[in-house]
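Architecture at a glance
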Amino acid sequence: MNDLSPSATSRAGDGAVTLQRDVVVIGGGISGLMTARRLVEAGHTVAVLEARDRVGGRTWSDTIDGEFFEIGGQWVSSDQDALKALLKDLGKETYPRYRDGNSVYVTRDGERREFRGDFPVDAATLREIDRLVEALDELAAQIDAAAPWEHPRADELDNIQFSTWLASLTDDREAVRIVDHYIAAGMLTKPSQTFSVLQAMLMVASAEKFEHLIDEGILLDERVVGGMQSVSEQIADELGADVVHLSTPVRHLAWTDAGDGSPARVVATGDRVTVEAQYAVLAVPPNLYSTIEYTPALPRMRQVAHQHHSMGLVIKAQAVYETPFWRERGLSGTGFASHERVCEVYDNTLHGQDHGTLVGFIVSERADETWALPEDERKQAVLESFAAYFGEDATRPIAFYLSDWGSEEFTRGAYAASWELGGLSRWGHLQNLPVGPIFFASSDIQGAGYLHVDGGVRIGTDTAARIAAGFAGATASA
Ligand code: FDA
């Protein structure tokens, strides 16, 4: 326990509680909970203030029409070592994604092609895809995912639209569409003219190479028995109700940083709980930083920068069927069609379940257009898109759910926040720097594991270590 910050509680006449802690963590997603877990392990007192009535943030499971759905983040890739180590630590079991059989590719002309291995496009297009991937990997290898702004050509690369750059490398439109799809629709969930080459390279570098973002053997490898949210729930249970406070959106964060060596302080005011601490960790996605009022205001460049870090938009569509009927037809459940409403689809059947589930993704403008449809038409349109891959049977589910992260006040989009054109080179270097006693932790500002649960585990661990080092330094100089 740190001498400077005794753990104490006081209760005002109106029932509002004021806590004294070493650290207040704002946000109970995986990043915030990992920060808290590591700080508690290091002997510090912590309060986690979470806006929602549940932990897990962008990982969330629910039972709808009698079926269990993972509404947010769910997959573990085989190269996500930090997350895998945490799962082991927590004793969580995992199960593989079903992927035996042929995948389906639907061309722009609506021709349906079944394939295994290479995309079923002509040899010239395949060669161009390989050439584009080589160009991406070559550039990404020069980028430090933890500091892409340090690349000698960062400014230049950050002011070229990814779409323009890809198109300049080849005349083969199909090759461009396929490679573009993986980064824009598959990862950043924004149109490729709205983000830069540098931002795209950060995405590739964070996974080491492009192949890691598409390889069947690596990507979307496994799921957690009980759902990914159960990871956060277990961490919160272990931390206990004295640490994790639900239904407590933080509205105001006061901070001091005398700069004269005297301990800085923060006061985080939530709806039911106020916490006085020495450090605050803002473990919310960057697009939400501005939803909290700061006293004094955050420095000028931070206030400006935060407006250029925005959420993408994707609808995760899931349909449950009596059986995984596609498997009987030799299909894996995997499909791609960049022009389809549902542009990617996978078998999402739960471990040990007789029913079969498909999950598909509807991205950017197609997501806007889909939400604008009346509810019945929307469902029909999504199911017809599933049918483009798997035939008429796909239009007859027994349960159906569309994840609506855009209307979630404490997220406001999906999967994650990324920088707008020019933003990463101009302000990216600030994203991981503390402001006085305020630290920032989110999978969206992490290098390795960027935009993934794995990134949240890593940045939580790293942020806790930085704060623990601050306490150790203060004790040493006292
Ligand atoms: P996260 O957003 O989860 O947590 C922030 C928390 O802060 C939330 O709980 C929120 O309620 C809270 N909060 C916000 N404002 C607050 C305030 N003012 N006061 C207090 N609390 C506040 N990743 C992956 O690895 N595999 C996958 O398959 C997928 N798939 C996927 C699908 C979908 C639909 C989504 C939306 C996301 C994914 N992801 C994913 C991404 C993954 O879910 C994401 O990177 C992490 O869960 C982010 O964790 P964080 O803790 O950083 O933020």
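Just so you know, these numbers come straight off a predicted model, no measurement behind them.

1. Comments concerning unusual backbone geometry
- Look at the link from T295 to P296: it is a cis peptide, with omega at -5°.
- Relative to the helices and strands, P296 resides in the loop between β17 (293-295) and α10 (300-305).
- With an omega of -5°, the peptide bond running from A414 to Y415 counts as cis.
- With respect to the secondary-structure elements, Y415 resides in the loop between β23 (399-402) and β24 (417-419).

2. As for helix α13 (residues 375-390)
- Taking 1.5 Å of rise per residue, 16 residues should cover 22 Å, and α13 covers 23 Å from first to last C-alpha, within 8% of that figure.
- G391 occupies a position one or two residues after α13 and carries a positive phi of about 85°.

3. Notes on the environment of A416
- In this fold, A416 is placed in the loop between β23 and β24.
- Considered as a pair, A416 and G101 are 315 residues apart in the sequence and their alpha carbons are 31 Å apart.

4. What about the site of the ligand?
- Neighbouring the ligand are 36 residues; S31, E50, R58, V250 and S443 lie closest to it.
- Contact distances for the ligand include 3.1 Å between a nitrogen atom and a backbone N or O atom of A51.
- Protein burial of the ligand: of its 1000 Å² of free accessible surface, 97% is covered by the chains.
- Of the residues in the shell around the ligand, the class split is 19 nonpolar, 14 polar and three charged.
- If you count residues domain by domain, the shell around the ligand takes at least three from each of domain 1 (6-57 + 229-310 + 418-477) and domain 2 (61-100 + 219-226 + 311-407).

5. Focus: the confidence of the model for the chain
- In the predicted model, the chain carries a mean pLDDT of 94, and the fraction of residues at 70 or more is 96%.
- Predicted confidence for residues 1-6 stays below pLDDT 50, and this span has 19 contacts to residues more than four positions away or in other chains.

6. Points about the packing of aromatic side chains
- The final tally for this structure, using the stated rule, is 23 aromatic pairs.
- A centroid spacing of 5.7 Å and a plane angle of 20° characterise the contact between F162 and F195, whose relative ring orientation is stacked. Of this pair, F162 sits in helix α5 (residues 162-169) while F195 sits in the loop between α6 (173-188) and α7 (197-206), and the two are 33 residues apart along the sequence. Accessibility classification places F162 together with F195 in one group, the buried group.
- Ring geometry for Y182 and F210: centres 5.9 Å apart, planes at 90°, overall edge-to-face.

7. Digging into the domain arrangement of the chain
- According to the domain assignment, the chain contains domain 1 (6-57 + 229-310 + 418-477), domain 2 (61-100 + 219-226 + 311-407) and domain 3 (123-214).
- Between the C-alpha centres of domain 1 and domain 3 there is a distance of 32 Å.
- Across the boundary between the two partners, domain 1 contributes 19 residues, which contact 21 residues of domain 3.
- Carbon and sulfur atoms supply 61% of the area that domain 1 and domain 3 bury against each other, a total of about 1500 Å² over both sides.

8. Examining the side chain of R378
- Structurally, R378 can be placed in helix α13.
- Buried and without a salt bridge, R378 has E375 as its closest oppositely charged side chain, separated by 5.4 Å.
- What R378 contacts, discounting residues up to four positions off in sequence, is T370, W371, L373 and L402.

9. A few points about the packing of α6 against α7
- Two elements in contact, α6 and α7, have axes whose closest approach is 11 Å; the angle formed by their N-to-C orientations is 75°. Put simply, α6 runs roughly perpendicular to α7. Where α6 abuts α7, its residues I183, M187 and L188 lie against Q199, A200, M203 and V204.
- For the contact of α6 with α7, the residue count by class is six nonpolar, one polar and no charged.

10. A word on the sheet that holds strand β9 (residues 102-106)
- Spatial ordering of the open sheet is given by β10-β9-β20-β21-β22-β19-β23, a layout of seven strands whose pairing is mixed. Of all the strands in the sheet, just β10 (112-115) and β23 have a single pairing partner and so form its edges. Each adjacent strand pair in this sheet contributes to an overall mean axis angle of 20°, direction not counted.
- Contacts between α13 and the sheet are confined to β9, β10, β19 (314-321), β20 (331-336), β21 (344-347), β22 (356-363) and β23, with β19 contributing the most and set at about 70° to the helix.

11. Re the pattern of salt bridges
- This structure, assessed with the given rule, holds 21 salt bridges.
- One salt bridge in this structure joins R223 and E70, with 3.1 Å as the shortest N-O distance. Of the two residues, R223 is situated in strand β11 (residues 222-224) and E70 in strand β6 (residues 67-70); the sequence distance between them amounts to 153 residues. We note that R223, like E70, is buried.
- Between R99 and D221 there is a salt bridge, with its nearest N and O atoms 2.8 Å apart. Highlighted residues: R99 in the loop between β8 (94-96) and β9 and D221 in the loop between α8 (211-214) and β11, separated in sequence by 122 residues.
- On the accessibility criterion, D221 (13% relative accessible area) is buried.
- Through salt bridges with shared partners, a single network forms among R37, R38, E41, D89 and E238.

Quick notes on the rules
Residues numbered from 1 in each chain as written. Predicted model: local features only at pLDDT ≥ 70, side-chain atom pairs only at ≥ 80, totals over all residues. Heavy atoms only, no water. Helix = DSSP H or I, 4+ residues; strand = E, 2+ residues; numbered from the N terminus. Expected span 1.5 Å × (residues − 1). Near = heavy atom within 4 Å. Polar contact = N/O pair within 3.5 Å; in protein donor to acceptor, adjacent residues only side chain to side chain. Areas by Shrake-Rupley, 256 points an atom, 1.4 Å probe, with all protein chains shown as cover. Nonpolar A, V, L, I, M, F, W, Y, C, P; charged D, E, K, R; others polar. Domains from an automatic or database assignment. pLDDT = per-residue confidence, 0-100. Contact = heavy atoms within 4.5 Å. Phe/Tyr/Trp six-rings, centres within 6.5 Å; stacked < 30°, edge-to-face > 60°. Buried < 20%, exposed > 50% of the residue type's maximum accessible area, 1.4 Å probe, protein only. Buried area = accessible area lost by both parts, 1.4 Å probe. Lys, Arg positive; Asp, Glu negative; His and termini not counted. Salt bridge = Lys/Arg side-chain N within 4 Å of Asp/Glu carboxyl O. Axes fitted to C-alpha atoms, helices over the stretch in contact; angles between N-to-C directions. Parallel < 35°, antiparallel > 145°, perpendicular 65-115°, else oblique. Pairing = 2+ DSSP bridges.

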